[in-house]
Amino acid sequence: MRSPFSKTALPLILGALCASAVFAQAPAPGPGPGAAAPTGGVAVANPTYTSLLMEIDVNRPAAEVWKRVGKYCDIGEWLQVPCTLTSGKDGELGTVRSIGREVLVGKTDLSYTYTQPVIEGRPYILYHGTLEARPVTTTTSKLLYSLMWDNSTCANDAAREQDKAQRRQMFEKALANMKVLAEGGSLAPGRPGAPGGCVAPGAGGPRGPGAPGGAGGPPR
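Everything numeric here is computed off the predicted structure, so don't read it as measured data. (Residues numbered from 1 in each chain as written. Predicted model: local features only at pLDDT ≥ 70, side-chain atom pairs only at ≥ 80, totals over all residues. Heavy atoms only, no water.)

Novice: Teacher, can you tell me more about helix α4 (residues 157–182) here?
Specialist: Residues that lie three or four places apart on an α-helix share one face, since the helix turns once every 3.6 residues. When the terminal C-alpha atoms of α4 are compared, their 37 Å separation across 26 residues agrees well with the 38 Å that a helix rising 1.5 Å per residue should span. Buried within α4 are the following residues: Ala159, Asp163, Arg167, Met170, Phe171, Ala174, Leu175, Asn177, Met178, Leu181 and Ala182. Elements that come into contact with the buried residues of α4 comprise β1 (49–58), α2 (62–69), α3 (75–78), β5 (111–115), β6 (128–135) and β7 (141–150). The backbone nitrogen of Ala158 has a side-chain oxygen 3.2 Å away, supplied by the residue at the start of α4, namely Asn156. (Helix = DSSP H or I, 4+ residues; strand = E, 2+ residues; numbered from the N terminus. Expected span 1.5 Å × (residues − 1). Buried < 20%, exposed > 50% of the residue type's maximum accessible area, 1.4 Å probe, protein only. Contact = heavy atoms within 4.5 Å. Polar contact = N/O pair within 3.5 Å; in protein donor to acceptor, adjacent residues only side chain to side chain.)

Written out as structure tokens, the structure is:
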């Protein structure tokens, strides 16, 4: 004897399965009215990541050094370029400074890490930098600066080496300036070195106009 439930339930189950198939195959809705159309050109197909590690000895305790040169816009003094906070507050994650539109993404009591954001129409090179004051003794310390980025937008090995050399020159000068300031000295007026960066095809120019080694540059 057949159950009356099977005669009643079977059409309902089949109908539910058909409806599920229709919804699963339905295309995702497009952007709403006024929304910007998605654009390409920022993803790098075959990135080649490289890095720089630089340091300098300072004849002052780490905490004292960090107090003098470790605020997020102190870069304006030791890199000798204008700097303002365009979003957030000094020391808070997510704070943005005008140089390179750089975003504060990590911090400790004696360090911070920043990155530069995606810029429409420019290949994204994942540029990151970290500045740290590290204790050596109770009265001395080291300043360490590390950079990491994708240099695949450079045309060849010679261009990649030139790019790295320009960045090293610029940030070693910055470390020397920080040492002077942390040890109680003052800086003579000067200009930063070339920021580095390779011409990115279709990007309309160098990777880092006005910025310390990455994409973007100061807001215009």
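Picking up after the structure, the text goes on.
Novice: Even after reading the chapter, I still don't get the pairing of β1, so can you show me in this structure?
Specialist: Taken residue by residue, a regular strand's side chains alternate between the two faces of the sheet. Residues Thr50, Leu52, Met54, Ile56 and Val58 point to one face of β1 and are all buried, whereas Tyr49, Ser51, Leu53, Glu55 and Asp57, pointing to the other face, are not buried. When β1 meets β7, the two strands line up antiparallel, connected through 10 bridges. Looking at β7, one finds that Leu52 is bridged to Leu147. (Pairing = 2+ DSSP bridges.)

Novice: Hey, could you run me through the packing of aromatic side chains in this one?
Specialist: By convention here, two paired aromatic rings are described through the distance between centres and the angle between planes. Throughout the structure, instances matching the rule amount to 6 aromatic pairs. Ring plane angle 55° and centroid distance 6.3 Å describe the contact between Tyr112 and Tyr114, whose orientation is recorded as tilted. Judged by its relative accessible area of 3%, Tyr112 falls in the buried class. The structure contains a cluster of three or more aromatic residues connected by ring pairs, namely Trp66, Tyr72, Tyr112, Tyr114 and Tyr127. If you follow Arg97 out to its NZ or CZ, it ends over the ring of Tyr72, 4.2 Å from the centre. (Phe/Tyr/Trp six-rings, centres within 6.5 Å; stacked < 30°, edge-to-face > 60°. Lys NZ or Arg CZ within 6 Å of the ring centre and 35° of its normal.)

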